[in-house]
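So you can see what is in the structure, the chains are spelled out below.
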Amino acid sequence: MHLLRTLLFASLSSLAEASLQVVPGATWTTSNNEHMQAHGGGLIKVGDTYYLVGEDKTGGSAFQNVNCYSSRDLVQWTYVGALLTRGSSGDLGPNRVVERPKVLFNEATRKYVLYMHIDSSNYGDAKVGVATGDSVCGSYTYRGSFRPLGHQSRDMGLFADDDGTGYLLSEDRENGLRIMKLSADYLSVTESTYLWGDSIEAPALLKLNGRYFIFGSRLTGWDPNDNVYSTSTSLTSGWSAWATFADAGSKTYTSQTNFVLPVGSSAAIYLGDRWRSANLMTSTYVWLPLTISGSRVTMPDAESWVPNLSSTSSSASMAKPAETAYEGEAATYGGQARDVSCGGCSGGTAAGYVGGPDRGTVTFRGVRSDADARSTIRIRYANGDSSPRYANVRVNGGAAQKIAFLPTSGSVSASTLHVDLKAGSTNEVVIEGVGDGWAPDIDRLIVPVQ
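Calculation notes
Residue indices begin from 1 for each chain and proceed along its sequence in written order. With pLDDT at 70 or above as the cut-off, local features in this predicted model cover only qualifying residues; side-chain atom pairs require 80 or more to be listed or tallied, and sums for whole chains, interfaces and linings still use all residues. Heavy atoms throughout the structure, all of them, feed into the side-chain values; hydrogens and water do not. Helical segments are the DSSP runs of H or I of at least four residues, strand segments are the runs of E of at least two, and each set is numbered from the N terminus. We take the radius of gyration over the C-alpha atoms and set the globule estimate at 2.2 Å times the residue count to the 0.38 power. Only protein chains enter the accessibility calculation, which uses a 1.4 Å probe. A residue is then buried if its area is under 20% of the maximum for its type, exposed if over 50%, and partly exposed in between. Contact definition: two residues touch when any of their heavy atoms are within 4.5 Å. Space inside and on the surface of the protein is sampled on a 1 Å grid over the protein atoms alone, with a cavity defined as a set of points where a 1.4 Å probe fits but cannot get out and a pocket as an open set with protein on both sides within 12 Å along at least 5 of 7 lines; lining residues have an atom within 4 Å of a point. Grid points are joined across faces, edges and corners, and a volume is the space filled by probe spheres set on the points. Amino acids outside the nonpolar list (Ala, Val, Leu, Ile, Met, Phe, Trp, Tyr, Cys, Pro) and the charged list (Asp, Glu, Lys, Arg) are all regarded as polar, and Gly is one of them. Here a polar contact is taken to be a pair of N or O atoms separated by no more than 3.5 Å, where protein atoms must pair a possible hydrogen donor with a possible acceptor and residues adjacent in sequence count only if both atoms sit in side chains. Within this document, salt bridges are pairs made up of a side-chain nitrogen of Lys or Arg and a carboxyl oxygen of Asp or Glu, the two lying within 4 Å of each other. Note on terminology: disulfide denotes any pair of cysteine sulfur atoms within 2.5 Å. Any two strands between which DSSP finds at least two bridges are classified as paired. The angle between two axes is taken between their N-to-C directions and runs from 0 to 180 degrees, where each axis is a line fitted to C-alpha atoms and a helix contributes only its stretch in contact.

A look at the overall build of the chain
Right, so step 1: A count of helices and strands for the chain gives 2 helices and 33 strands.
Right, so step 2: Whereas a compact globule of 450 residues would reach a radius of gyration of roughly 22 Å, the chain reaches 23 Å, a difference of no more than 12%.
Right, so step 3: Each of the three principal axes of the chain carries a C-alpha extent, and together these read 65 × 60 × 45 Å.
Right, so step 4: A buried classification covers 55% of the 450 residues belonging to the chain.
Right, so step 5: Considering only residue pairs separated by 6 or more positions, the chain has 57% of its internal contacts joining residues 24 or more positions apart.

This is the structure in structure tokens:
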């Protein structure tokens, strides 16, 4: 009987966690109530915590900060702070380019080593920069920049092999894509390991079951393309011809590679950026589980998916729960909230005039969950402004969560809300403005049913 109770509890615990989801392309609000700013970034796991280090594009392409976020589930992210921030001059000064930051931990020196692409505004410098820190999300000391082995270096990545040897992945515009070995302390480059003569940028390297996989993008500027991969059992030779891994013609689901995260010994997750070159701070993230079988890699698209970070199989995702949609125009309005026309919305109508000086509200009652669980609700919305809108969202009378909603440029998109739902059909979700500000027009809520 005790064993039965234990198994039942384990099953229910897994069930209760199974509706926290990654939503590719959505607004991703973090603990500072803003859309996550960690573009071109990479992940490093320390203990049971993942740290995401990436570019702050709030002000556009010029360098502002290298940001760091933490999470234990890859879904709920806490903004920790900036590892590096803009100074008055030099590599990190005004109008400089700092891209693709990645971090490795050096076991010998006990230092975290941060590499990044350093450039001028016209991309004429083409260098790598190096910084070091004592803690993964703490303050880093910038050590300077250089051209590795005298070669140009633009988009770059880092990789540490099983024996701790570090490697720099570097796009050399004159010659191709390079793998280069780092010094024992990771602070310099010592020798060339491999060179592809192909024009490939945004490199990311993965090793699973003794086989290496390198992922990258063709050179099409900010526009997406069908990204590719190559594989070998050796870093120095035997690399296969480049092949696509997402659906042909999908342009990698409108994204570009920035990192590939191993999960267990047989699974991995693709991390990509969906760039919006006209307004870079509104760029979003496309994270999807990879399917790897032998030397073959594929990546199906998904509107949302549930990470399985304890996976011992070839999949880093769990079965997605069933969902129920609740239409905005069927909710209860308060203040001056009312129906508005919305061509891209599910019924051609949305709940509009939410927030503002009249304090419009939208209340969804009778929201169902089959278990007491923390869940990801997708809020489908429209925002015709050029900057984010914000809403306070209250669930079951709890404290308000401030959620960001990026511009949608005439279409409909999603923003994610991570909340605790009660078992049954008595959950209530209220969406209101922040101060006198306008919230977006609300198309509908999509709620997991465990």
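Describing the layout of surface pockets
Right, so step 1: The calculated volume of the largest pocket comes to roughly 860 Å³.
Right, so step 2: Lining the largest pocket are 38 residues, with Leu43, Ile44, Leu104, Ala160 and Pro262 positioned closest to its centre.
Right, so step 3: Residue composition of the lining of the largest pocket, grouped by class: 23 nonpolar, 7 polar and 8 charged.

Structural notes on the side chain of histidine 39
Right, so step 1: You can see histidine 39 is positioned in strand 1 (residues 39-46).
Right, so step 2: A distance of 3.3 Å separates the side chain of histidine 39 from the side chain of tyrosine 285, its partner in a polar contact.
Right, so step 3: Not counting residues up to four positions away in its chain, the partners in contact with histidine 39 are Gly54, Glu55, Lys57, Pro101, Asp273, Trp275, Leu280, Met281, Ser283, Thr284 and Tyr285.

Structural notes on the pattern of salt bridges
Right, so step 1: On inspection of all chains with the given rule, the structure shows 21 salt bridges.
Right, so step 2: Of the charged contacts in the structure, one is a salt bridge between arginine 100 and aspartate 155, with a shortest N-O distance of 3.7 Å. Of this pair, arginine 100 sits in strand 5 (residues 97-106) while aspartate 155 sits in the loop between strand 8 (140-146) and strand 9 (156-160), placing them 55 residues apart in sequence. The two residues arginine 100 and aspartate 155 agree in class, both being buried.
Right, so step 3: Three or more residues joined by partner-sharing salt bridges are found here, namely Glu303, Lys320, Glu323 and Arg378.

Focus: the environment of lysine 207
Right, so step 1: With respect to the helices and strands, lysine 207 occurs in strand 13 (residues 201-208).
Right, so step 2: Distance in space between the C-alpha atoms of lysine 207 and valine 113 is 20 Å, their sequence separation being 94 residues.
Right, so step 3: Dropping the residues within four chain positions of it, lysine 207 is found in contact with Phe159, Asp161, Asp162 and Tyr212.
Right, so step 4: Looking at lysine 207, its side chain comes within polar contact range of the side chain of aspartate 161, at 3.0 Å.
Right, so step 5: Only 3.3 Å separates the side chain of lysine 207 from the side chain of tyrosine 212, close enough to count as a polar contact.

Some points on empty space enclosed by the protein
Right, so step 1: What the rule picks out here adds up to 3 cavities of 30 Å³ or more.
Right, so step 2: As a volume, the largest cavity reaches approximately 40 Å³.
Right, so step 3: The wall of the largest cavity is formed by Lys102, Gly157, Leu158, Leu169, Pro203, Ala204, Leu205, Asn258 and Phe259.
Right, so step 4: Among the secondary structure elements, those contributing two or more residues to the lining of the largest cavity are strand 9, strand 13 and strand 17 (256-263).
Right, so step 5: Here the lining of the largest cavity gets 3 residues from one element, more than from any other, and that element is strand 13.
Right, so step 6: In terms of residue class, the lining of the largest cavity is made up of 6 nonpolar, 2 polar and 1 charged.

Focus: the state of the cysteines
Should the sulfur atoms of two cysteines be covalently bonded, the bond is a disulfide.
Right, so step 1: By the definition in use, this model includes 2 disulfides.
Right, so step 2: Shown here is the disulfide that connects cysteine 68 with cysteine 137, its sulfur atoms set 1.7 Å apart. Between cysteine 68 and cysteine 137, the disulfide has an S-S torsion of -100° and is therefore left-handed. With cysteine 68 in strand 3 (residues 65-71) and cysteine 137 in the loop between strand 7 (127-133) and strand 8, this residue pair connects regions lying 69 residues apart in the sequence. This pair shows no difference in class: cysteine 68 is buried, exactly as cysteine 137 is.

Topic: the sheet that holds strand 7
Right, so step 1: The strand order across the open sheet built from 4 strands is 5-6-7-8, with neighbouring strands paired in antiparallel fashion. Only two strands of the sheet have a single neighbouring strand rather than two, namely strand 5 and strand 8. The sheet shows a mean angle of 20° between the axes of neighbouring strands, direction not considered.
Right, so step 2: Direction of pairing for strand 6 (residues 111-119) relative to strand 7: antiparallel, over a ladder of 7 bridges. Within strand 7, the position partnered with isoleucine 118 by the bridge is lysine 127.

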